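Okay, here's what each chain looks like letter by letter:
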Amino acid sequence: ASQCSQVIQDLRAGGAPPRAVQFNPWLIGERGALISELFGGIAAAVEAMAMPGKPGATGLPAQAAKATAGLVRRYAKHLGAAGKIVSAAKLLIPVAGEAAAGVLQALLESAGDVGEVAERDKQLPEQKAELEEALRALPRRIVVVVDDAERLEPNETLEMLRLVKAVVGLPNVV
């Protein structure tokens, strides 16, 4: 109830109606696919703000929408790659997996890119800061609606909540 109240309060605070993203984690099982689906929906909502004649179009310049959507997708790929290593730690070290995963996550965030994102020039905190700046400039908020969460298994629910946590702090994303 308190989260619903917060969402309503956040929606009322803005002037223009938000863009809605329906996220249905029940249809998706793997963490990388969850990240891709959630952030892909956010990126599509940003791009739709620049499409004249579409419901919810805001007049956002197409170039700005494309650049912001690209930042969203790049950040999602980076999160997905880091998450694979953290998940591997939990499998390799079953007893201390959670603690090891936390340490690895902190190392990844401070040490930079690994695996498939090793070639990128920006570390996760830098990417997040750049993404936050671009999202702040959006003319409308993006509301992510999580659907069918009650159908998730306990471990899937935890994974979905981790994703929500990654999105909650982003500007103009509710």
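Residues numbered from 1 in each chain as written. Predicted model: local features only at pLDDT ≥ 70, side-chain atom pairs only at ≥ 80, totals over all residues. Heavy atoms only, no water.

Participant: Which residues make up the packing of aromatic side chains, and what values go with them?
Facilitator: Counted by the stated rule, this structure contains one aromatic pair. Centre to centre, the rings of F39 and Y75 are 5.9 Å apart; their planes meet at 65°, and the pair counts as edge-to-face. Of this pair, F39 sits in helix α2 (residues 31-48) while Y75 sits in helix α3 (residues 62-92), placing them 36 residues apart in sequence. Given a relative accessible area of 1%, F39 falls into the buried group. Assessed through its relative accessible area of 4%, Y75 is described here as buried. (Phe/Tyr/Trp six-rings, centres within 6.5 Å; stacked < 30°, edge-to-face > 60°. Helix = DSSP H or I, 4+ residues; strand = E, 2+ residues; numbered from the N terminus. Buried < 20%, exposed > 50% of the residue type's maximum accessible area, 1.4 Å probe, protein only.)

Participant: How would you explain the confidence of the model for the chain if you had to name every residue and give the values?
Facilitator: Note that predicted coordinates carrying low pLDDT should not be read in detail. When pLDDT is averaged along the chain, the result is 75; 64% of the residues meet or exceed 70. Across the chain, the secondary-structure element scoring lowest on mean pLDDT is helix α4 (residues 97-111), at 56, and the one scoring highest is helix α5 (residues 124-136), at 92. Within the model, pLDDT remains below 50 along residues 83-91, and this stretch shows 17 contacts once partners closer than five positions in the same chain are excluded. Throughout residues 110-120 the model reports pLDDT below 50, and contacts reaching past four residues in sequence, or to other chains, amount to 23 contacts. (pLDDT = per-residue confidence, 0-100. Contact = heavy atoms within 4.5 Å.)

Participant: Provide a residue-level description of the pairing of strand β1 (residues 19-23), including the pertinent values.
Facilitator: Alternating residues of β1 divide into R19, V21 and F23, all buried, and A20 and Q22, none buried. Looking at chain direction, β1 and strand β2 (residues 142-146) are connected through five bridges and run parallel. In the sheet register, V21 faces β2, and the bridge partner there is V144. (Pairing = 2+ DSSP bridges.)

Participant: So, the nonpolar core: which residues are in play, and what are the values?
Facilitator: Judged by nonpolar contacts, the single largest core of 34 residues is most densely connected at L38, F39, I42, L135 and I142. Of all the elements in the fold, those that place two or more residues in this core are β1, α2, α3, α5, β2 and α6 (154-168). Here this core gets eight residues from one element, more than from any other, and that element is α2. (Core = buried A, V, L, I, M, F, W, Y, C linked by side-chain atoms within 4.5 Å.)

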